[in-house]
Amino acid sequence: NTLSYRTFRYVQVSIRTKDEPLTIEDFSNVFTGYPFKFNAKLQANDATLDKIMEIGWRTARSCAVETYMDCPYYEQLQYIGDGRIQAMVSLYNSGDDRLVRNAISQMDHSRIAEGITLSRHPSFSPQQIPTFSLWYVGMVYDYWMYRGDSAFVTDKMQGIRDVLWFFSKYQQKDGTLKGTPYWMFTDWVENRPGWDGGTAPYGKDGSSSVLDLQLLWALQLASPLEMKFGTAANAAIYKSKADQLQNTVKKKYWNDAKKLFADTDDKDVYSQHANALAILTNTITGNDANALARRMLSDNSLAPASIYFKYYLHLACVKAGLGND
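In this report, we go over the structure that sits alongside the text. (Residues numbered from 1 in each chain as written. Predicted model: local features only at pLDDT ≥ 70, side-chain atom pairs only at ≥ 80, totals over all residues. Heavy atoms only, no water.)

### Considerations on helix H1 (residues 47-62)
And step 1. Taking 1.5 Å per residue as the helical rise, H1 with its 16 residues ought to reach 22 Å, and the 23 Å between its terminal C-alpha atoms agrees with that figure.
And step 2. Looking at H1, one finds that the buried residues are Trp57, Ala60 and Ser62.
And step 3. In this structure Asp46 caps H1, since a side-chain oxygen of it lies 2.8 Å from the backbone nitrogen of Thr48. (Helix = DSSP H or I, 4+ residues; strand = E, 2+ residues; numbered from the N terminus. Expected span 1.5 Å × (residues − 1). Buried < 20%, exposed > 50% of the residue type's maximum accessible area, 1.4 Å probe, protein only. Polar contact = N/O pair within 3.5 Å; in protein donor to acceptor, adjacent residues only side chain to side chain.)

Structural data, given as structure tokens:
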């Protein structure tokens, strides 16, 4: 027996009674999970979707106790990549923001001397995934959009500056990233060229459109945050850096023949990830974004987003006018 909870799908009871009869009077278990209240409502007139919602909500509760967790069975760790999406699930379906605030504060407290957050916190063993620090910037922005709370967001501004300062050290003259250290994880993509250990492809010159686009998005979100909660000077710097990087991305990675953004300057590999981020950063807009989103969904040669990155794929589809898809 243990004082910690256990997850299971079934329990097997093996009994050897020999000559004596045995009567089992009771067997029970107690569910534990964060006490979210389901305040949203889904009416789809579809029993399958109702069941998916039920499973999803139980998952959301099971993956949250005193912090969010990537899973209740295995690692039980609060990763930023997972946590940002879990926070949105909480805000949309419950409105309870206590774990969201806790997660943002924990991640802010995890920052190392180089500026970035840890990929997960609290954790016995530290791990650095700089791309998750960029999602952290987005997570603070999300909180501002859905909760306001000026004092809380203002307190997180220095952490955002430190994260972007870390990345600035690895930006080239044109704004693109090169040689950023640690695990630059994007998504678990299997059996596709260039995707190694969850890292998006790098070109011969060391660049990656997926990483550049994610940095671009963080700069775009940091600028209005600075204008509201920081300084106009910082806001202007981030906007200028974002505009420069966006122009570079258009020139460097767009393949006009394929009408797609490539993963690298070599233009030999393509993904849903790069093209979804291009839409989300307004690097492509209007009818062009709509056409790109349709290609992104229909072209099977593109490296596909996993269930994790589909969050951003779906946001891009909605932004490009394909909400029903």
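We are not done yet, so read on.
### Observations concerning the layout of surface pockets
And step 1. As a volume, the largest pocket reaches approximately 1800 Å³.
And step 2. Ile85, Gln86, Val89, Ile307 and Tyr311 are the residues nearest the centre of the largest pocket, which is lined by 44 residues in total.
And step 3. Of all the secondary structure elements, the ones that give two or more residues to the lining of the largest pocket are H1, helix H2 (80-93), helix H4 (130-147), helix H7 (209-229) and helix H11 (310-319).
And step 4. For the lining of the largest pocket, the element with the most residues is H2, which contributes nine residues.
And step 5. Each residue belonging to the lining of the largest pocket can be placed in one class, and the counts come to 30 nonpolar, eight polar and six charged. (1 Å grid on protein atoms, 1.4 Å probe; cavity = no way out; pocket = protein on both sides within 12 Å on 5 of 7 lines; lining within 4 Å. Points joined across faces, edges and corners; volume = space filled by probe spheres on them. Nonpolar A, V, L, I, M, F, W, Y, C, P; charged D, E, K, R; others polar.)

### Structural notes on the packing of aromatic side chains
And step 1. Under the definition given, this model contains 23 aromatic pairs.
And step 2. Between Phe132 and Phe185 the ring centres are 5.9 Å apart and the planes differ by 90°, which places this aromatic pair in the edge-to-face class. Taken as a pair, Phe132 in helix H4 and Phe185 in the loop between helix H6 (157-168) and H7 lie far apart in primary sequence, 53 residues in all.
And step 3. A residue is classified by how much of its surface remains accessible, and Phe185, at 7% relative accessible area, is buried.
And step 4. The interplanar angle of 85° and the centroid separation of 6.0 Å between the aromatic rings of Trp217 and Tyr312 together place this pair among those described as edge-to-face. (Phe/Tyr/Trp six-rings, centres within 6.5 Å; stacked < 30°, edge-to-face > 60°.)

### Concerning the environment of Phe261
And step 1. In this structure, Phe261 sits in strand S2 (residues 260-261).
And step 2. Owing to a relative accessible area of 3%, Phe261 belongs among the buried residues under this scheme.
And step 3. Along the chain, Phe261 and Val210 lie 51 residues apart, while their C-alpha atoms are 9.6 Å from each other.
And step 4. Dropping the residues within four chain positions of it, Phe261 is found in contact with Val249, Lys250, Tyr253, Trp254, Tyr270, Ala274, Asn275, Ala278, Thr283, Ile284 and Leu292. (Contact = heavy atoms within 4.5 Å.)

### Some remarks on the pattern of salt bridges
And step 1. Tallied over the full model, the rule gives 16 salt bridges.
And step 2. A salt bridge links Arg98 to Asp96; the shortest N-O distance between them is 2.9 Å.
And step 3. Arg98 sits in the exposed class, given a relative accessible area of 54%.
And step 4. The salt bridge partner of Lys239 is Asp243, with a shortest N-O separation of 2.8 Å. With Lys239 and Asp243 both in helix H8 (residues 232-253), this residue pair falls four residues apart, about one helical turn.
And step 5. Connected via shared salt-bridge partners are Asp205, Lys252, Asp265 and Lys267. (Salt bridge = Lys/Arg side-chain N within 4 Å of Asp/Glu carboxyl O.)

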